[in-house]
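The primary structure of each chain is shown beneath.
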Amino acid sequence: MEFQTNYKLEQYILNTTWEDLPDEVKDRARVCGIDLMCALILGTHGEQFQNGKRLASLVKGGSLTIPGDQDTYSLLGAAIALGHASNSFDIDDGHNMIRGHPGTSFIGGVMAAGLEKNITYQEYLTTLVVCYDVAVRMGLALQDHYQFLHSTGAYGAPATAAGMGRILGMTREQLNCAISMAEFHTPMTPVMRAVEYPSMNKDGVPFGVMVGALAALDTLGGETAKTHLLELPEYQAIVDSLGQTYEIMNLYFKPYTCCRWAHQPIQASIELMREYEISWEDVAHVTVHTFTAAARLSKIDPNDTDEAQYNIAYPVATAIVNGDVGYRQVCNAALDDERVLQMMDRLSFQVDPELDQLFPEKRLAKVEFTLRDGRVLTSRVYAADGEASDHVDMNWIVKKFRRITAPFLNEDGQQKALTLLQTAQEQTLTQVVQQVNHFLTCFPAG
């Protein structure tokens, strides 16, 4: 094992500017800024965030205000609280080849550091671009090196350290140390266990953020470390593409508050019901044809929102009954809906060998409805909406933001927030967060 420290990764992290970025990357950064804010707003309404707040309260002091909350935090406290919010409702972006969620993996630490240093929103967006590149490349290296599918927290720690190191003004040597420390201590979270036995463990995001934040702060305190995976010769090709290939352009975006592997049958079911103008009561049985990883998702009657999100039967059933899967469908208060529980009993799942062979590059599924009147309706094969190949743009993300934040913001508040997030580049991140919180307070949903 031969490590070569050439600082190419660290120099990219520290030296990239907004002006360096292609226009399409700038546009995508604005999209991601809105999408991550959407995830944080939802996240503050979940029990996982309340747990994060309690943990953050142990880190005393601080004046940082975070989205969706009126309390103030220290730098580390804000990272902890935000890390517990960002993936709480599983509505954040993803990347097919690392089979996880890069944005949520680092947003807690990046936003906390950005608020601490009062950076501009433009600098915040630039840091997002850089961190997506670190998260995805580190995720690819981790999976190849260990030959094991780790969940989001595994690459979230070094990506968090990278973003925080940039904002906190590290030298390239310090940044190398912080990334090394974060990657060495990163939580090697076994994602398939969480798939089969869902809980707040889920994608391991909070601990990835905490490890990354501690690595950055410990580096500034004088701790030293050497070597990280992206210094190995076998991974130099993915480092050499920095500044040429931007992984922020290879993301998918999620329309529904649940595991991405359930999105295909959700969308297929909703559209099949609309096409034939049927209601859930018309449906006698549904067979979902999908890939192995999706079929391994939990199918239990959920006791809490995490069991509802990391599930395939519950989201498909609530989509058939309610026509959507958002906060109102997966929050704890929604889980005793007898209509949804009855529909879960009418579902079965089969692995389709042809669809399975295409995973993870493509995640595909179809549904077959048997109606009470004897008709059998079969959908086409669906890829979930929002894939990288869909070239998600501002119009797409605006529609998502409006739909997903509807339980908390009225239309006026949504418009004000969207206008702010599309035009606020010269404002500070602190000002942006304060204005978002103002809108949430003054323009609540009716």
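Data block above holds the structure.
Quick notes on the rules
Residues numbered from 1 in each chain as written. Predicted model: local features only at pLDDT ≥ 70, side-chain atom pairs only at ≥ 80, totals over all residues. Heavy atoms only, no water. Core = buried A, V, L, I, M, F, W, Y, C linked by side-chain atoms within 4.5 Å. Buried < 20%, exposed > 50% of the residue type's maximum accessible area, 1.4 Å probe, protein only. Helix = DSSP H or I, 4+ residues; strand = E, 2+ residues; numbered from the N terminus. Contact = heavy atoms within 4.5 Å. Polar contact = N/O pair within 3.5 Å; in protein donor to acceptor, adjacent residues only side chain to side chain. Salt bridge = Lys/Arg side-chain N within 4 Å of Asp/Glu carboxyl O. Pairing = 2+ DSSP bridges. Phe/Tyr/Trp six-rings, centres within 6.5 Å; stacked < 30°, edge-to-face > 60°. Lys NZ or Arg CZ within 6 Å of the ring centre and 35° of its normal. Patch = residues over 30% accessible without salt bridge, like charges linked within 9 Å, V, L, I, M, F, W, Y side chains within 5 Å. Areas by Shrake-Rupley, 256 points an atom, 1.4 Å probe, with all protein chains shown as cover. Expected span 1.5 Å × (residues − 1).

*Asks:* I'd like a rundown of the nonpolar core, residues and numbers included.
*Replies:* Grouped together as the largest cluster of nonpolar side chains are 160 residues, with contacts concentrated most on Y124, W261 and F369. Take this core: its biggest share by element is 14 residues, from helix α6 (residues 121–146). Beyond its immediate chain neighbours, meaning those up to four positions away, W261 contacts M192, V195, F291, A293, A294, L297, I312, F359 and R363.

*Asks:* Describe in detail the environment of D23, supporting the description with residues and values.
*Replies:* Within the secondary structure, D23 is located in helix α2 (residues 23–43). Its relative accessible area of 57% is what places D23 among the exposed residues. Between the alpha carbons of D23 and G43 there is a distance of 30 Å; along the sequence they are 20 residues apart.

*Asks:* Go over the side chain of Q414, please, and point to the residues and values.
*Replies:* Its place among the elements puts Q414 in helix α20 (residues 411–423). According to the relative accessible area criterion, Q414 is buried, its value standing at 4%. Among the polar contacts listed, one links the side chain of Q414 to the side chain of T405, at a separation of 3.0 Å. Filtering out sequence-adjacent residues up to four positions away, Q414 remains in contact with F401, R402, T405, A406 and L409.

*Asks:* Could you give an account of the pattern of salt bridges, with specific residues and numbers?
*Replies:* In the structure shown here, the tally under the stated rule is 16 salt bridges. We note a salt bridge from R54 to E47, for which the minimum N-O separation is 2.8 Å. Judged by its relative accessible area of 40%, E47 is partly exposed. Between D133 and R137 there is a salt bridge, and its shortest N-O distance comes to 2.8 Å. Of the two residues, D133 and R137 are both situated in helix α6; the distance of four residues between them amounts to about one turn of the helix. You'll find D133 and R137 in the same group, each marked buried. Because the salt bridges share partners, they merge into one network encompassing K53, D69 and D71.

*Asks:* Requested: an account of the pairing of strand β3 (residues 283–290), with residues and values cited.
*Replies:* Where a strand is regular, its side chains alternate between the two sheet faces. Among the eight residues in β3, six count as buried, and that is most of the element. Across six bridges, β3 lies against strand β5 (residues 364–371) in antiparallel orientation. Each residue of the ladder has a partner; that of V288, found in β5, is V367. Of the pairings in the sheet, the one linking β3 to strand β4 (residues 347–351) comprises five bridges and is parallel in character. Across the sheet, V286 pairs through a bridge with L347, a residue of β4.

*Asks:* Can you lay out the packing of aromatic side chains for me, pointing to particular residues and giving the numbers?
*Replies:* Where two aromatic rings form a pair, the distance of their centres and the angle of their planes describe that pair. Using the criterion set out here, one finds nine aromatic pairs in the structure. Centre to centre, the rings of F106 and Y132 are 5.0 Å apart; their planes meet at 85 degrees, and the pair counts as edge-to-face. Separated by 26 residues along the polypeptide, F106 in helix α5 (residues 102–117) and Y132 in helix α6 bring together distant segments of the chain. Assessed through its relative accessible area of 0%, F106 is described here as buried. Residues W261 and F359 carry aromatic rings whose centres are separated by 5.6 Å and whose planes lie at 85 degrees to one another, so their mutual orientation is edge-to-face. A residue pair is termed long-range when its members are at least 10 positions apart, and W261 in the loop between α11 (236–240) and α12 (263–276) and F359 in the loop between α18 (353–357) and β5 qualify at 98 residues. You can call W261 buried: its relative accessible area is 6%. When the ring centre of Y382 is taken as reference, the NZ or CZ atom of R380 above it lies at 3.8 Å.

*Asks:* Explain a nonpolar patch on the surface residue by residue, including any values.
*Replies:* A surface patch of nonpolar side chains, about 280 Å² in accessible area, is lined by Y146, F148 and M188. Checked against the element boundaries, F148 lands in the loop between α6 and α7 (153–167). For F148, a relative accessible area of 40% puts it in the partly exposed group.

*Asks:* An account of helix α8 (residues 172–184) is requested, with residue identities and associated values reported.
*Replies:* Along its 13 residues, α8 runs 18 Å from first to last C-alpha, staying within 8% of the 18 Å computed at 1.5 Å per residue. Inspection of α8 places L175, N176, C177, A178, I179, S180, M181, A182 and E183 among the buried residues, and these make up the whole buried set. Where α8 is buried, its residues meet α1 (8–15), α6, α7 and α10 (205–220).

Take it as geometry only, folks, not as evidence of what the structure does.
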